[in-house]
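A structural walkthrough
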Amino acid sequence: MSNESSPWWHPGIHADRRPLLLTRNRILAGLRTWFAAGDFIEVEAAALQVSPGNEAHLSAFATEAILPDGGRDPLYLHTSPEFACKKLLAAGEPRLFSLAHVFRNRERGALHHPEFTMLEWYRAGESYDALMDDCAALLALSAEAAGTRRLSFRGREADPFAPFERLTLAEAFHRFAAIDLLATISPEGATDRDALADAVMTRGLRVARDDNWADLFSRVLVGLIEPQLGQGRPTILCEYPVSEAALARPSPRDPRVAERFELYACGVELANAFGELTDPAEQRRRFEAEMAEKARIYGERYPIDEDFLDALAIMPEASGIALGFDRLVMLATGAPRIDDVIWTPVTRGRGRCAPR
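We now turn to the structure provided with this report. (Residues numbered from 1 in each chain as written. Predicted model: local features only at pLDDT ≥ 70, side-chain atom pairs only at ≥ 80, totals over all residues. Heavy atoms only, no water.)

**Some points on the packing of aromatic side chains**
Test applied: Geometry of aromatic contacts follows a simple scheme: Phe, Tyr and Trp rings, the Trp one being its six-membered ring, pair when their centres are within 6.5 Å, and the pair is stacked under 30 degrees between planes, edge-to-face over 60, tilted otherwise. Only protein chains enter the accessibility calculation, which uses a 1.4 Å probe; a residue whose area is less than 20% of its type maximum is buried, one above 50% is exposed, and one in between is partly exposed.
This structure, assessed with the given rule, holds twelve aromatic pairs. Seen in terms of ring centroids, W34 and F35 are 5.0 Å apart; in terms of plane orientation they differ by 85 degrees. Their pairing is edge-to-face. Assessed through its relative accessible area of 23%, W34 is described here as partly exposed. Take F35: its relative accessible area is 0%, and that puts it in the buried class.

**Focus on the pattern of salt bridges**
One side chain can pair with another of opposite charge once the charged atoms of both are near each other. Cut-off, in case you're wondering: Salt bridges are counted wherever a side-chain nitrogen of Lys or Arg sits within 4 Å of a carboxyl oxygen of Asp or Glu.
Across all of its chains, the model carries 25 salt bridges by this definition. Each of R95, R123, E126 and D134 takes part in salt bridges that share partners, so that together they form one network.

**Considerations on the sheet that holds strand β6 (residues 115–124)**
In a beta sheet, neighbouring strands pair by backbone hydrogen bonds and run either parallel or antiparallel. Counted only if it meets this: Strands qualify as paired when DSSP identifies two bridges or more between them. Here a strand is any run of E in DSSP of at least two residues, a helix any run of H or I of at least four, and the numbering for each starts at the N terminus. Residue contacts are counted whenever heavy atoms from the two residues lie within 4.5 Å of one another. Fitted lines through C-alpha atoms serve as axes, helices being fitted only where they are in contact, and the angles separating the N-to-C directions of these axes extend from 0 to 180 degrees.
The strand order β1-β5-β6-β13-β12-β11-β10-β9 describes an open sheet built from eight strands, whose pairing is mixed. Edge strands, defined here as strands with exactly one partner in the open sheet, are β1 (41–42) and β9 (165–168). One ladder, built from seven bridges, connects β6 with strand β13 (residues 318–324); its direction is antiparallel. When the bridges of β13 are listed, W121 appears paired with I321. Across the sheet, helix α3 (residues 129–146) lies against β6, β9, β10 (235–238), β11 (260–265), β12 (268–275) and β13, angled at about 135 degrees from β6, the strand it touches most.

**Regarding the sheet that holds strand β2 (residues 48–49)**
Strands sit in the order β2-β4-β3 across an open sheet of three strands; the sheet is antiparallel. Only two strands of the sheet have a single neighbouring strand rather than two, namely β2 and β3 (61–66). Strand direction decides the pairing type here: β3 and strand β4 (residues 72–77), joined by six bridges, are antiparallel. Residue pairing in the sheet places I66 in a bridge with R72 of β4.

In structure tokens form, the structure reads like this:
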């Protein structure tokens, strides 16, 4: 759909894109109506935050505030409205949703854009299973708004009206990689790098000397599992290892895994959900571990939002989810690239300052 040689604002290019963008607007209107009918309140999270988030592999855009006295405070464009939304849960909002513009550096491709729209919603006092039901309703609603019975992406299809497949990570590793994932995790949640490395090598995947357990876990997930998910019908991939769920609480059924699930359709990850962690001391420990990993890989770390940890101490039990709205529109329209369903994509390479 998009033409790399012509800008998106060229009339001919816009004429091709316009039907997809109008479908985007219909889906957006349908989502807002659905949330309003469920007694959710829409909130707006400030994009400028003292911390952009504390996940090792998320890269932020940094800026600074110049104060009236000339002082400077570092700030970041948020990678998610999550911290702000959870502060509102602590403030007493029981059900809320946000359609936020979020910003992620180092990301550009068919499924990634440096500025995109994140749909997040939260249910205080409700389990994350309720979010799975929400996802089923929203996928069906989006397909209806787009006038389609199928979600599609580059030759793969999924029926948004079909009952979702539900797989645990342990089941997925066994089915698609013949690896016993839980055998590499202790009852306390500690991971065994060498045990997983041995299993990964038997699958013919690369194992580097400096790979840790998380590196190997991600390599199997991305290389062998994710392409198989959401084929024919959407897939809920749940019960992530605790070490891979930095903001989720441990499962009461098995302390090795957490209340985290991801939603896939057509091999594309659409959403990431948590039964929310509300222990500020444990959250601080996880953030510090994530930032140590970020420093190891990228040579930088982000500050911890102390207000967020203070709010977490009074936040009620809740479940929350983040869904990539642009990706959902892509699948509902069959667009091949995320830029095709964004009204004004970020221009590449033409915004440089003129020479003096």
